[in-house]
Amino acid sequence: MVLGEVVEYGGHRWRVYKMDKGARTVALIRWGGTTEEVADDDAGLSVVVNPCEWPIVTARLKPNSGALARV
């Protein structure tokens, strides 16, 4: 598991938002705000996509900061 991965668990899509390597658990969050903590080697977890592999760059938007500089 990697932070930010989108996984399928229990018939829903979740995002991994926290990891505890000592306890070997991951905290999952759904887009509605529901959270759940499961074992990182749970057989019901399947990775759908890892956004770190996408060829994009994201930038934080601040409405009062003016124009966004080109990357």
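Residues numbered from 1 in each chain as written. Predicted model: local features only at pLDDT ≥ 70, side-chain atom pairs only at ≥ 80, totals over all residues. Heavy atoms only, no water.

## Looking at the pattern of salt bridges
Cut-off, in case you're wondering: Salt bridges, as used here, are contacts in which a Lys or Arg side-chain nitrogen is within 4 Å of a carboxyl oxygen on Asp or Glu. Whether a residue is buried, partly exposed or exposed follows from its accessible area with a 1.4 Å probe, protein chains only, as a fraction of its type maximum: under 20%, in between, or over 50%, in that order. Starting at the N terminus, helices and strands are each numbered in turn, a helix being any DSSP run of H or I of at least four residues and a strand any DSSP run of E of at least two.
Applying the stated criterion to the full structure yields three salt bridges. The shortest N-O distance in the salt bridge between Glu8 and Arg13 comes to 3.4 Å. The class of Glu8 is partly exposed, set by a relative accessible area of 30%. Using a relative accessible area of 46% as the deciding quantity, one classes Arg13 as partly exposed. Between Arg24 and Asp41 there is a salt bridge, and its shortest N-O distance comes to 3.9 Å. Of this pair, Arg24 sits in the loop between strand E2 (12–20) and strand E3 (25–29) while Asp41 sits in the loop between strand E4 (35–39) and strand E5 (46–49), and the two are 17 residues apart along the sequence. Arg24 gets classed as partly exposed once you look at its relative accessible area, which sits at 47%.

## Details of the sheet that holds E2
Working definition: the strands of a sheet are paired by backbone hydrogen bonds and lie parallel or antiparallel to each other. Rules: Here a strand pair is declared whenever DSSP counts at least two bridges between the two strands. Axis lines are fitted to C-alpha atoms, over the contacting stretch for helices. Their N-to-C directions set the angle, which ranges from 0 to 180 degrees.
Reading across the sheet, the five strands line up as E4-E3-E2-E1-E5 and stay open at both edges, with antiparallel pairing between neighbours. Since the sheet does not close on itself, it has two edges, and those belong to E4 and E5, each with one partner. Going from strand to strand, the sheet's axes swing by 45 degrees on average, the running direction of each strand aside.

## What to know about the side chain of Glu5
Stated precisely, the cut-off is as follows: Positive: Lys, Arg. Negative: Asp, Glu. His and the chain ends are not part of the count. Side-chain atoms alone can form a polar contact between residues adjacent in sequence; in general such a contact is a pair of N or O atoms within 3.5 Å, and within protein one must be able to donate a hydrogen while the other accepts it. Contacts are assigned to residue pairs that have any heavy atoms within 4.5 Å of one another.
Structurally, Glu5 can be placed in the segment before strand E1 (6–9). One buried charged side chain, Glu5, makes no salt bridge at all; its nearest oppositely charged neighbour is Lys21, positioned 10 Å away. At a separation of 3.1 Å, a polar atom in the side chain of Glu5 contacts the main-chain amide nitrogen of Val2. The contacts of Glu5, once residues within four sequence positions are left out, are Trp14, Arg15, Val16, Val47, Val49, Asn50 and Pro51.

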